[in-house]
Amino acid sequence: MANIIRRPGWYISEKFVTPENVFRNRRQFLKELGFAGGAALLAQALEAAEVNSNSPMGKKYPLPRNKDFDPANVKLTDETEAGTWNNFYEFSTAKREVHRRTGKFVTEPWTVDVGGLCEKPMKVDVKELIDTMPMEERVYRFRCVEAWSMTVPWTGFPLSKLIEKAQPKSEAKFVRFVTAMRRDEMPGIALLPNYPWPYTEGLRLDEAMNPLTMAVTGIYGKPLPKQHGAPIRIVVPWKYGYKSIKSIEKIEFVAKQPATLWESLAPDEYPFESNVNPNVPHPRWSQATEWILGNQSLRVRTKLYNGYADYVSGLYKKV
Ligand SMILES: Nc1nc2c(c(=O)[nH]1)N[C@H]1C(S)=C(S)[C@@H](COP(=O)(O)O)O[C@H]1N2
Ligand SMILES: [Mo]
C-alpha cells in the first residue's frame, strides 16, 4: 500500500497483463483481509500496482526508432565492442574490465530522487518512467574526451519531460546529477580513494532541457547493461562523454554551477561545459580528430558540437 501512496499523480498503469499467480495471490490476500466484494476498485488498483512493480524491465523493448535520429550512411558500433569498452570508474579504470566487475551491482529496483529548487520534488521508480514516459530509440554519435567515438542506438525519453514534471523554480539555473555510491557493489571506488565520490555531473538548465538531452534506459533495443549505466543514465551527445553520467540516483535543481567530479579533479582538462570542439585541444592532446571504436585505424575529423550544431549552437556564444 505504501507503494500506492508514493506513486506520483501522473502515473498511468497500462499495457500490463497480470501473471496468473500474482493475480491469485493478490485476490487471496485481499480476501483474507476481508476486502473481497465491496472493495473491487481498491483491489483493481492494487493489482495494477503490483503487476507493474513485478514487470520485468525488458518488457517494452525494443522501442521504435525516431526518424530524426536515424542517420543514413553511418555504421553502428558493434554491440559487443561498445559493451566491453566502458568508462565507469566506480568499477574499474580498465575499459575492457568494467563489464566483468559489475556482478554485485544491484540495479533493480531503482528509485531516482528528483528534488532541490522545484515545485514537485519526487521519488520515482525507473520502471514507472519506462512505463509512462514517451520512450523511443535514437541513434546518436558519442565522443569521449579521450578521442574515441561510437555510434549507438539509445532507448529513453527526452530529459525535459521529467524536468517538466518536477517544475523547476525560477531560481534553478543548473541541474546536478549524482551516481549511486555503493562501495560493496562497486569495486573501483576503493582503488581511487582520493576521488571526490560519488560521481557527480551537471548541466545548465537550458542544456538539460534541450531536446537532444536524453534520459536513457536502454541500448541496442534492450535494457541498459550495467556497464553502460543501468538502470538510467543521461546522454548528452554534443558534449564529451564524461557529462553523460551513469546509474543516476539523484537529480537536483540548483542555483549555482555545481561541483562535478572531473572538474574538481582537473579543471583545465575536464571543465564543466565540455562541448565537443575540434579547435580547443585538451591540454595533453589534440581534439581535432577521433578514432572510431571497433576500427582503431580509422581516424576522422571531429565536428563542432559533435555534429549537433543545428540543435545546440543557440545555447552558446558563437565559437
Ligand atoms: N558514474 C559514472 N558515469 C560515467 C563515467 C564514470 O566513470 N562514472 N564515465 C563517463 C565517461 S568518461 C564516458 S566516455 C561515458 C562512457 O559511456 P559508455 O561506457 O556507456 O560508452 O560514461 C560517462 N559516465
Ligand atoms: Mo569519456
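Nothing here was measured: the structure is a model prediction, and the numbers come from that model.

## Side note on the sheet that holds strand S5 (residues 174–179)
Next up, step 1: Spatial ordering of the open sheet is given by S2-S1-S10-S5-S6, a layout of five strands whose pairing is mixed. The outermost strands of the open sheet, each flanked by one partner alone, are strand S2 (122–125) and strand S6 (200–204). The mean inter-strand angle of the sheet, taken between neighbouring strand axes irrespective of direction, is 20°.
Next up, step 2: Bridge count for S5 against strand S10 (residues 248–254) is six bridges, and the pairing is antiparallel. The residue bridging Thr 179 from the neighbouring strand is Ile 248, located in S10.

## Quick word on the pairing of strand S11 (residues 289–292)
Next up, step 1: Here two bridges tie strand S4 (residues 148–158) to S11, and the two strands are oriented parallel to one another. The partner of Trp 148 across the bridge, within S11, is Trp 291.
Next up, step 2: In this sheet, strand S12 (residues 295–301) lies alongside S11 in antiparallel orientation, the contact comprising four bridges. Within the sheet, the bridge partner assigned to Glu 290 lies in S12 and is Val 300.
Next up, step 3: Between the antiparallel neighbours S11 and S12 lie two residues, among them Gly 294 with a positive phi of about 95°.

## What about the site of ligand 1?
Next up, step 1: Every one of the 19 residues lining ligand 1 counts as a neighbour, but Tyr 89, Glu 90, His 228, Arg 233 and Lys 246 are closest to it.
Next up, step 2: Note that an oxygen atom of ligand 1 is positioned 2.9 Å from one of the side-chain N or O atoms of Asn 86.
Next up, step 3: One nitrogen or oxygen atom from the side chain of Thr 179 is found 2.9 Å from a nitrogen atom belonging to ligand 1.
Next up, step 4: Alone, ligand 1 offers 530 Å² of accessible surface; in the complex the protein occludes 98% of this.

## Details of the pattern of salt bridges
Side chains that differ in sign of charge can pair as their charged atoms come close.
Next up, step 1: Evaluation of the coordinates by the stated rule reveals 18 salt bridges.
Next up, step 2: Notably, a salt bridge pairs Glu 185 with Arg 182, separated by 2.9 Å at the nearest N-O pair.
Next up, step 3: One salt-bridge network, held together by shared partners, links Arg 65, Asp 70 and Glu 137.

## Regarding the nonpolar core
Next up, step 1: Core analysis: the largest hydrophobic core is formed by 77 residues, its most contacted members being Val 114, Trp 154, Phe 177, Trp 238 and Phe 253.
Next up, step 2: Here the element with the most residues in this core is S4; it accounts for five residues.
Next up, step 3: Ignoring sequence-local partners within four residues, the contact set of Trp 154 consists of Glu 136, Glu 137, Arg 138, Tyr 140, Phe 142, Met 214, Val 216, Gly 218, Ile 219, Leu 224, Arg 233 and Val 235.

## Concerning unusual backbone geometry
Next up, step 1: In this model, Tyr 61 is joined to Pro 62 through a cis peptide bond whose omega is -5°.
Next up, step 2: With respect to the helices and strands, the residue Pro 62 is situated in the loop between helix H3 (40–54) and helix H4 (79–83).
Next up, step 3: Residue Pro 231 follows Ala 230 across a cis peptide bond; omega there is -5°.
Next up, step 4: Backbone geometry places Ser 247, a non-glycine residue, at a positive phi of 40°.
Next up, step 5: Mapped onto the elements of the fold, Ser 247 is located in the loop between strand S9 (233–235) and S10.
Next up, step 6: Taking relative accessible area as the criterion, Ser 247 reaches 0% and is therefore assigned buried.
Next up, step 7: Phi angles above zero are rare outside glycine, and Ser 274 is one such case at about 45°.
Next up, step 8: Mapped onto the elements of the fold, Ser 274 is located in the loop between helix H8 (261–265) and S11.

## Some points on empty space enclosed by the protein
Next up, step 1: Summed over the entire model, instances satisfying the criterion amount to two cavities of 30 Å³ or more.
Next up, step 2: Empty space within the second largest cavity amounts to approximately 40 Å³.
Next up, step 3: If you trace the second largest cavity, you find it lined by Val 112, Leu 159, Leu 162, Ala 215, Ile 232, Arg 233, Ile 234, Ile 248 and Ile 251.
Next up, step 4: Broken down by secondary-structure element, the contributors of at least two residues to the lining of the second largest cavity are helix H6 (159–166), S9 and S10.
Next up, step 5: Of the residues assigned to the lining of the second largest cavity, the class counts are eight nonpolar, no polar and one charged.

## Here's the deal with H6
Next up, step 1: Of the positions making up H6, those classed as buried are Leu 159, Ser 160, Leu 162, Ile 163 and Ala 166. Viewed end-on, H6 has its buried residues packed into an arc of 160°, placing them on one side of the element.
Next up, step 2: A positive backbone phi angle near 55° is found at Gln 167, which sits one or two residues after H6.

So, how was this worked out
- Residues numbered from 1 in each chain as written.
- Chains lettered and ligands numbered in written order.
- Predicted model: local features only at pLDDT ≥ 70, side-chain atom pairs only at ≥ 80, totals over all residues.
- Heavy atoms only, no water.
- Pairing = 2+ DSSP bridges.
- Helix = DSSP H or I, 4+ residues; strand = E, 2+ residues; numbered from the N terminus.
- Axes fitted to C-alpha atoms, helices over the stretch in contact; angles between N-to-C directions.
- Near = heavy atom within 4 Å.
- Polar contact = N/O pair within 3.5 Å; in protein donor to acceptor, adjacent residues only side chain to side chain.
- Areas by Shrake-Rupley, 256 points an atom, 1.4 Å probe, with all protein chains shown as cover.
- Salt bridge = Lys/Arg side-chain N within 4 Å of Asp/Glu carboxyl O.
- Core = buried A, V, L, I, M, F, W, Y, C linked by side-chain atoms within 4.5 Å.
- Buried < 20%, exposed > 50% of the residue type's maximum accessible area, 1.4 Å probe, protein only.
- Contact = heavy atoms within 4.5 Å.
- 1 Å grid on protein atoms, 1.4 Å probe; cavity = no way out; pocket = protein on both sides within 12 Å on 5 of 7 lines; lining within 4 Å.
- Points joined across faces, edges and corners; volume = space filled by probe spheres on them.
- Nonpolar A, V, L, I, M, F, W, Y, C, P; charged D, E, K, R; others polar.
- Arc of directions from axis to C-beta.

Honestly, it's all geometry; don't read function into it.
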